[in-house]
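# Architecture and fold: a report
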Amino acid sequence: MGEGAVCMTLAESTILVVDDEPILRLTFSLVLKQTGATVHVAEDGINALDVLERERVDVILSDKQMPQMDGIAMIRTLRERGNTAPVVLFVNGVASESPAEMDRLGVTETVTKPLHPAELVKILARVVEPIPASGKQP
């Protein structure tokens, strides 16, 4: 980040929440909207890819295990399409992928479920902070 560059805040960000559990999608969406963020939701990787065809997002918050297309397959497809948005990935327990594989996929952070909404806000605020406020992620 260059000197004098203005960093993005959570309130200025657009976040895609991808989770097959409706209550988690709703909870995370409501919590993030309370911060001022713009929030889009999808129930699995296939729906997320559809949303990303229509909408620009700064950060993707995704569950790893989902029907249709899981989080890892979704991330691989995004990267193949040139989408470089940071990804925060939810896992149940320990991720089977190595930290090196997660880095290669561009997973910014891996988070274990369950997660308190306040902790989610802290994590996402940290993830969006390096993004220039003047330029959204592709």
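In this report, we go over the structure that sits alongside the text. (Residues numbered from 1 in each chain as written. Predicted model: local features only at pLDDT ≥ 70, side-chain atom pairs only at ≥ 80, totals over all residues. Heavy atoms only, no water.)

## Quick look at the environment of Arg 25
For Arg 25, the position within the fold is in helix 1 (residues 22-34). Separated by 17 residues in sequence, Arg 25 and Ala 42 have C-alpha atoms that sit 7.9 Å apart. With near-sequence residues (within four places) excluded, Arg 25 lies in contact with Val 17, Asp 19, Asp 20, Val 41, Ala 42 and Glu 43. In terms of polar contacts, Arg 25 uses its side chain to reach the backbone carbonyl oxygen of Asp 19, at 2.6 Å. (Helix = DSSP H or I, 4+ residues; strand = E, 2+ residues; numbered from the N terminus. Contact = heavy atoms within 4.5 Å. Polar contact = N/O pair within 3.5 Å; in protein donor to acceptor, adjacent residues only side chain to side chain.)

## Details of helix 1
Helix length check: helix 1 (13 residues) gives 18 Å between terminal C-alpha atoms against 18 Å at 1.5 Å per residue, within 8%. All of the buried residues in helix 1 are Leu 24, Arg 25, Phe 28, Ser 29, Val 31 and Leu 32. Immediately downstream of helix 1, the backbone of Gly 36 shows phi near 100°, a positive value. (Expected span 1.5 Å × (residues − 1). Buried < 20%, exposed > 50% of the residue type's maximum accessible area, 1.4 Å probe, protein only.)

## So, the nonpolar core
Nonpolar side chains in soluble globular proteins tend to end up buried together. Grouped together as the largest cluster of nonpolar side chains are 22 residues, with contacts concentrated most on Leu 16, Val 18, Ile 60, Met 74, Ile 75 and Leu 89. In this structure Met 74 touches Val 18, Gly 45, Ala 48, Leu 49, Ile 60, Ser 62 and Met 69, once residues within four positions along its chain are discounted. Counting residues in each nonpolar core, the second largest holds 21 residues, with Leu 10, Val 17, Leu 32 and Val 128 among its members. (Core = buried A, V, L, I, M, F, W, Y, C linked by side-chain atoms within 4.5 Å.)

## Details of the side chain of Glu 101
Within the secondary structure layout, Glu 101 lies in helix 4 (residues 99-105). At 2.9 Å, the side chain of Glu 101 and the side chain of Arg 76 are in polar contact.

## Things to note about unusual backbone geometry
In this model, Lys 113 is joined to Pro 114 through a cis peptide bond whose omega is -5°. Tracing the sequence through the fold places Pro 114 in the loop between strand 5 (107-112) and helix 5 (117-128). The phi angle at Gln 68 is positive, at roughly 70°, despite the residue not being glycine. Within the element layout of this structure, Gln 68 appears in the loop between strand 3 (59-63) and helix 3 (71-80).

## Remarks on helix 3
Taken residue by residue, helix 3 has Gly 71, Ile 72, Met 74, Ile 75, Thr 77 and Leu 78 as its buried positions. Contacts from the buried residues of helix 3 go to strand 1 (14-18), helix 2 (45-54), strand 3, strand 4 (87-91), helix 4 and strand 5. Two or three places before Ile 72, at the opening of helix 3, Asp 70 has a side-chain oxygen 3.2 Å from that residue's backbone nitrogen.

By themselves, these are just geometric observations and shouldn't be taken as functional.
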